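Here are the chains, one letter per residue:
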Amino acid sequence: IQGRQGNQGAQGRQGIQGIQGGTGTQGIQGIQGNQGAQGRQGRQGITVLDFDDTLATTKSQVIVNAPDGSQFKVNAEEFAKRGADLLAEGNVFDFSEFNKVVEGQTAPLFNKALKLAGKFGTKDMFILTARAPESQPAIKQFLDANGLNIPTENIVGLGKSEASAKAEWIAGKIGEGYNDFYFADDAIQNVEAVKNMLDQYDVKSKVQQAKLNFSRR
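Since the model is a prediction, treat every value here as computed from it, not as a measurement.

## Digging into the overall build of the protein
Tallying secondary structure elements over the protein gives five helices and eleven strands in all. Residue pairs at least 24 apart in sequence account for 80% of intrachain contacts in the protein once pairs closer than 6 positions are excluded. Total accessible area computed for the protein in this model is approximately 10,400 Å², and 44% of it derives from carbon and sulfur atoms.

Okay, structure coming up:
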C-alpha cells in the first residue's frame, strides 16, 4: 500500500507497503537492470533487500482503530488488499506488532542472501524495510538466529510506506560511491521506483521482484 500513514501513537508514524501474508513457494521475477557502467573501474557493489515477504514471512498483524472506538486486526495479506479502503473510512492504523518478528519463517530468497554473504561478506549488504526504526533489534535477532550476520547499522527501518522512500535512500548510496546494485523487494511499486531511479544513473544494476505463490487447499 503506497503512501499510507501509520499510527500516531507512541510507536511513531509507520507504514507497511506491499506486504502479503501467508506462506508458500517464493519465486524471483527478474526486472531488467541498467547495464551502464560496464567500463567503470573500481567496482563498488551493494546488496539491498526488503525484509517482509522477501527474506521472511511473519504473522504480525495490523491493529485497526475504527472511528466508533472499536478495534480489530487484519493480517498482512488482508491489509494489502483493504488498507486503502480502511484508511478512506477514517480508520487509524497501529503497526506496533511490526516492531517484532512474530512467528517468523525464512523465505526462499533468504538462501540467496546467505550465498551472497558467503561470497561478498555483509559489510555492503543492507536490509531496507518500511517497518519503523524500532524494528531493527527484532530483525537483527531473526537474521542472526538463521545465520545471516548483517551489521546492525545496515538494518534500516524507514518508517515510510511510499515507494519513493526506498528509491531516495538507494539514490543516496550512489552519492556514497556505490556503482553496482542488487535490489530485491516483493512489492512491485518499490521495484519499479528503484529501477526507474537507477536507470537515470551510470551504474550497473539488477532489480528483482520477490513473489510469493500461494497454494490453495
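## Considering the nonpolar core
Within the largest apolar cluster, 22 residues are counted, with the highest numbers of intra-cluster contacts made by F51, L55, I127, L143 and L148. Tallying contributions element by element places helix α2 (residues 109-120) first for this core, with five residues. Those residues in contact with L55 that lie beyond four places of it in its chain are L49, D50, Q105, T106, A107, L109, F110, A113, I127 and L143. Membership of the second largest hydrophobic core comes to 20 residues, among which are V48, F126, A165 and I174.

## Quick word on the pattern of salt bridges
In total, this model carries nine salt bridges according to the counting rule given. As a salt-bridge pair, R131 and D52 come within 2.7 Å of each other at their nearest N and O atoms. Linking R131 in the loop between β8 (125-129) and α3 (136-145) with D52 in the loop between β2 (45-49) and β3 (56-57), this pair joins segments that are 79 residues apart in sequence. K123 is the partner of D124 in a salt bridge, and the nearest nitrogen-oxygen pair spans 3.3 Å.

## So, the side chain of T58
Within the secondary structure, T58 sits in the loop between β3 and β4 (61-65). Polar side-chain contacts of T58 include one of 3.4 Å to the backbone nitrogen of S60. In this view, T58 contacts F51, D52, V101, V102, E103, G104 and R131; residues no more than four positions away in its chain are not counted.

## Brief notes about the sheet that holds β4
In spatial order, the strands read β5-β4-β6; together these three strands make up an open sheet with antiparallel pairing. A single partner strand is all that each edge strand has here, and the edge strands are β5 (71-75) and β6 (92-94). Averaged over all neighbouring strand pairs, the angle between strand axes comes to 35°, with direction disregarded. The pairing of β4 with β5 spans five bridges and is classified as antiparallel. If you follow N65 over to β5, its bridge partner there is Q71.

## Looking at the packing of aromatic side chains
Scanning the entire structure with this criterion turns up five aromatic pairs. With 5.5 Å between their ring centres and 65° between their planes, F126 and W169 make a pair best called edge-to-face. Pair noted here: F126 is in strand β8 and W169 is in helix α4 (residues 163-175), with a separation of 43 residues, a long-range link. W169 shares its class with F126; the two are buried. Linked through ring pairs, F51, F110 and F142 together constitute an aromatic cluster.

## Some details on helix α5 (residues 188-198)
What α5 keeps buried is the set N190, V191, V194, K195, M197 and L198. End-on, the buried residues of α5 take up no more than an arc of 165°, which puts them together on one face.

## A look at α2
The first and last C-alpha atoms of α2 sit 16 Å apart over twelve residues, in line with the 16 Å expected at 1.5 Å per residue. Immediately beyond the C-terminal end of α2, within one or two residues, lies G121, with a positive phi of roughly 85°.

## Quick word on the environment of G83
Position of G83 among the secondary structure elements: in helix α1 (residues 76-88). A relative accessible area of 0% places G83 in the buried class. Taking the C-alpha atoms as reference points, G83 and V62, separated by 21 residues in sequence, lie 9.7 Å from one another.

## Quick look at unusual backbone geometry
Positive phi, close to 60°, is recorded for D53, a residue that is not glycine. One can find D53 in the loop between β2 and β3. Notably, E103 is not glycine yet its phi reads approximately 50°, a positive angle. Along the chain, the position of E103 falls in the loop between β6 and β7 (105-106).

Procedures and definitions
Residues numbered from 1 in each chain as written. Predicted model: local features only at pLDDT ≥ 70, side-chain atom pairs only at ≥ 80, totals over all residues. Heavy atoms only, no water. Helix = DSSP H or I, 4+ residues; strand = E, 2+ residues; numbered from the N terminus. Contact = heavy atoms within 4.5 Å. Areas by Shrake-Rupley, 256 points an atom, 1.4 Å probe, with all protein chains shown as cover. Core = buried A, V, L, I, M, F, W, Y, C linked by side-chain atoms within 4.5 Å. Buried < 20%, exposed > 50% of the residue type's maximum accessible area, 1.4 Å probe, protein only. Salt bridge = Lys/Arg side-chain N within 4 Å of Asp/Glu carboxyl O. Polar contact = N/O pair within 3.5 Å; in protein donor to acceptor, adjacent residues only side chain to side chain. Pairing = 2+ DSSP bridges. Axes fitted to C-alpha atoms, helices over the stretch in contact; angles between N-to-C directions. Phe/Tyr/Trp six-rings, centres within 6.5 Å; stacked < 30°, edge-to-face > 60°. Arc of directions from axis to C-beta. Expected span 1.5 Å × (residues − 1).

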